[in-house]
Amino acid sequence: MSQAVRTGAPDLDRDAIDYEKIKDPGHGNTPAAWTGVFLMLLGGVILAVGFVMVVDVIIYAGIGVFVAGPIIGLIMRAAGKGKPRS
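Note that this is a predicted model, so its numbers are computed, not measured.

Participant: Got a sec to walk through the overall build of the protein chain? Specific residues and values, please.
Facilitator: Looking only at helices and strands, the protein chain features 3 helices and 0 strands. Along its sequence from the N terminus, the protein chain presents helices and strands in the succession α-α-α. When burial is assessed residue by residue, the protein chain has 14% of its 86 residues classed as buried. Of the contacts formed within the protein chain by residues at least 6 apart in sequence, a portion of 51% connects residues at least 24 apart. Just so you have it, the protein chain exposes about 7200 Å², and 67% of that area is on carbon and sulfur atoms.

Participant: Please set out helix H3 (residues 56–81) residue by residue, giving values where relevant.
Facilitator: A bend of about 30° at Gly69 is the largest found in H3, and the proline Pro70 appears one to four places after it. Among all positions of H3, only Ile59, Gly62, Gly69 and Gly73 are buried. On its buried face, H3 is in contact with helix H2 (31–53).

Participant: An account of unusual backbone geometry is needed here, citing residue identities and associated values.
Facilitator: Phi is positive for Val54, close to 55°, though the residue is something other than glycine. With respect to the helices and strands, the residue Val54 is situated in the loop between H2 and H3.

Participant: Could you give an account of the side chain of Thr30, with specific residues and numbers?
Facilitator: Locating Thr30 in the fold gives a position in the loop between helix H1 (19–22) and H2. A relative accessible area of 16% means that Thr30 is categorised as buried. In this structure, Thr30 is in contact with Lys81, Gly82 and Lys83, ignoring residues within four places of it in sequence.

Participant: Outline the packing of H2 against H3, listing residues and values.
Facilitator: Geometry of a packed helix pair, given as the angle between the helix axes and the separation of the axes. Interhelical geometry of H2 versus H3 gives an angle of 175° and a closest axis separation of 7 Å. Here H2 is positioned roughly antiparallel relative to H3, judged by the angle of their axes. Its residues assigned to classes, the contact of H2 with H3 comprises 19 nonpolar, 8 polar and 2 charged.

Cut-off values and rules
- Residues numbered from 1 in each chain as written.
- Predicted model: local features only at pLDDT ≥ 70, side-chain atom pairs only at ≥ 80, totals over all residues.
- Heavy atoms only, no water.
- Helix = DSSP H or I, 4+ residues; strand = E, 2+ residues; numbered from the N terminus.
- Buried < 20%, exposed > 50% of the residue type's maximum accessible area, 1.4 Å probe, protein only.
- Contact = heavy atoms within 4.5 Å.
- Areas by Shrake-Rupley, 256 points an atom, 1.4 Å probe, with all protein chains shown as cover.
- Bend = angle between axes of the 7 residues up to and from the residue.
- Axes fitted to C-alpha atoms, helices over the stretch in contact; angles between N-to-C directions.
- Parallel < 35°, antiparallel > 145°, perpendicular 65-115°, else oblique.
- Nonpolar A, V, L, I, M, F, W, Y, C, P; charged D, E, K, R; others polar.

In structure tokens:
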């Protein structure tokens, strides 16, 4: 049985990769991004509970929290807590 170890794609040109550009992929690891995503997840949970309990007030509260998530995230980014636009 062969003991060959594969180290990657044979056609990969490692010289063509710009490592400085991919050093920071920018996946939104900022307080603004985390707050926006957390509020959207919380709003989804509240919305789901409202659907299960069939209570309109909880459903609308969940929708409100969900919609507030990206708005608050954008406000926080404008206040300097997010990744600056490039």
